[in-house]
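As a plain string of letters, each chain reads:
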Amino acid sequence: MTVVDKLIGSAPFVCEGDPVSGIEAAARLGYDGVELHFTDPLAANAGEIRTALRRTGLGVTALGTGRAYVNDRLSITDADEAGRLAAVRRLEQFIALAGQFGAKVIIGCMRGNLSKPEELPAALERLGRSMAHLDEAAGREGVEIVFEPINRYENNFLCTMADISGFVRTHGLKHTGLLIDTFHMNIEEADLPASILACAPEIKYVHLADSNRRYPGQGHLDLAGVLGTLRRIGYDGVLSAECLPLPTKQEAAAGWLAAVRKLLDN
């Protein structure tokens, strides 16, 4: 279950509040774990989170980092070197916290955006330097980074699964995999099963939402086919509820879990 301190705009999270209350809510609903989203990991009370995890038997599956971009405008492709290094330091802090929980670290919108297409080569060079450093930091902490392709309307480069897989392979990143999100895939991928098969070695984490970013069954995506393809490649990792909190947060959280259990039982 996705947990964020405060919902802003159309953010796709089903639980709002502090991490401990989110962990307890996820346990009551029957989730196995939580995906926690912070702006600043240094502000998180790791001790309280650890106690709540022990009490409920849940785990932290991943730490989301996008709020550091949305709230603090930190980007690892920032043309200003001081800004880029500040973003890298923030992600190092996320990696250190993830190491305490055995969680993955999500990198999505912290790659930033291009103001014009001509910036792409320089942005990719800065991204390569940033990710090489972070990949090494993740290895030292025993943590895996999962890099998310995001649709062109939210991030304007590295939007497809093949884009991210190619970047990971080209740069020889050993501790970085691919996070796939079915909402973004529905916009960017011509053939969802084919894309999964082509990028199978890199897929390490899954955000599951329907075509309209609501919980499964509220749109037109063939999510049964997606899950069948994931079974075919031997994926046995996390399925995470990154969907809109509609019609309410409570209904979305409960509805997502019920829908996914039904899909997995078929």
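So, here's what we can say about the structure. (Residues numbered from 1 in each chain as written. Predicted model: local features only at pLDDT ≥ 70, side-chain atom pairs only at ≥ 80, totals over all residues. Heavy atoms only, no water.)

**Topic: the environment of V105**
In this fold, V105 is placed in strand β5 (residues 104-107). Owing to a relative accessible area of 1%, V105 belongs among the buried residues under this scheme. Considered as a pair, V105 and T176 are 71 residues apart in the sequence and their alpha carbons are 9.3 Å apart. (Helix = DSSP H or I, 4+ residues; strand = E, 2+ residues; numbered from the N terminus. Buried < 20%, exposed > 50% of the residue type's maximum accessible area, 1.4 Å probe, protein only.)

**Comments concerning helix α6 (residues 161-170)**
Restricting attention to buried positions, one finds in α6 the residues M161, I164, S165, F167 and V168. Summarising the axial view, the buried residues of α6 lie within an arc of 160°, below the 170-degree limit, and thus occupy one face. Facing away from the buried side of α6 by over 90 degrees, the exposed positions are A162 and T170. Taken together, the buried residues of α6 touch α5 (120-141), β6 (145-147), β7 (176-181), α7 (182-188), α8 (192-198) and β8 (203-207). Positive phi shows up at G172, right after α6, with a value of about 60°. (Arc of directions from axis to C-beta. Contact = heavy atoms within 4.5 Å.)

**Some details on the sheet that holds strand β9 (residues 239-240)**
What the nine strands build is an open sheet, ordered β2-β1-β3-β4-β5-β6-β7-β8-β9; its pairing is parallel. In this open sheet, the two strands that pair with only one neighbour each are β2 (15-16) and β9. Relative to β8, β7 runs parallel, the two sharing four bridges. Its bridge partner lying in β8, L179 is registered against Y205. The strands touched by α6 within the sheet are β6, β7 and β8, with β7 carrying the most contacts at an inclination of about 175°. (Pairing = 2+ DSSP bridges. Axes fitted to C-alpha atoms, helices over the stretch in contact; angles between N-to-C directions.)

**Describing the packing of helix α4 (residues 81-101) against α5**
Helix-helix packing: each pair is described by the crossing angle between the helix axes and the interaxial distance. Orientation of α4 relative to α5, taken along the N-to-C sense of each, is 25°, at an axis distance of 10 Å. Between α4 and α5, the angle is such that the two are roughly parallel. As for how α4 packs across α5, the hand of that crossing is right-handed. Where α4 abuts α5, its residues E81, R84, V88, L91, E92, I95, A96 and G99 lie against R126, R129, S130, H133, L134, A137, A138 and E141. A breakdown of the residues in the contact of α4 with α5 according to their chemical character gives seven nonpolar, three polar and six charged. (Parallel < 35°, antiparallel > 145°, perpendicular 65-115°, else oblique. Left-handed = near helix turned anticlockwise from the far one by under 90°. Nonpolar A, V, L, I, M, F, W, Y, C, P; charged D, E, K, R; others polar.)

**Points about the packing of helix α2 (residues 46-56) against α4**
With their axes 11 Å apart at the nearest point, α2 and α4 run at an angle of 30° to one another. With respect to their mutual orientation, α2 and α4 come out roughly parallel. The way α2 lies across α4 gives a crossing that is right-handed. Mapping the contact onto sequence places A46, I49, R50 and L53 in α2 and L97, Q100 and F101 in α4. Among the residues making up the contact of α2 with α4, the classes are represented as five nonpolar, one polar and one charged.

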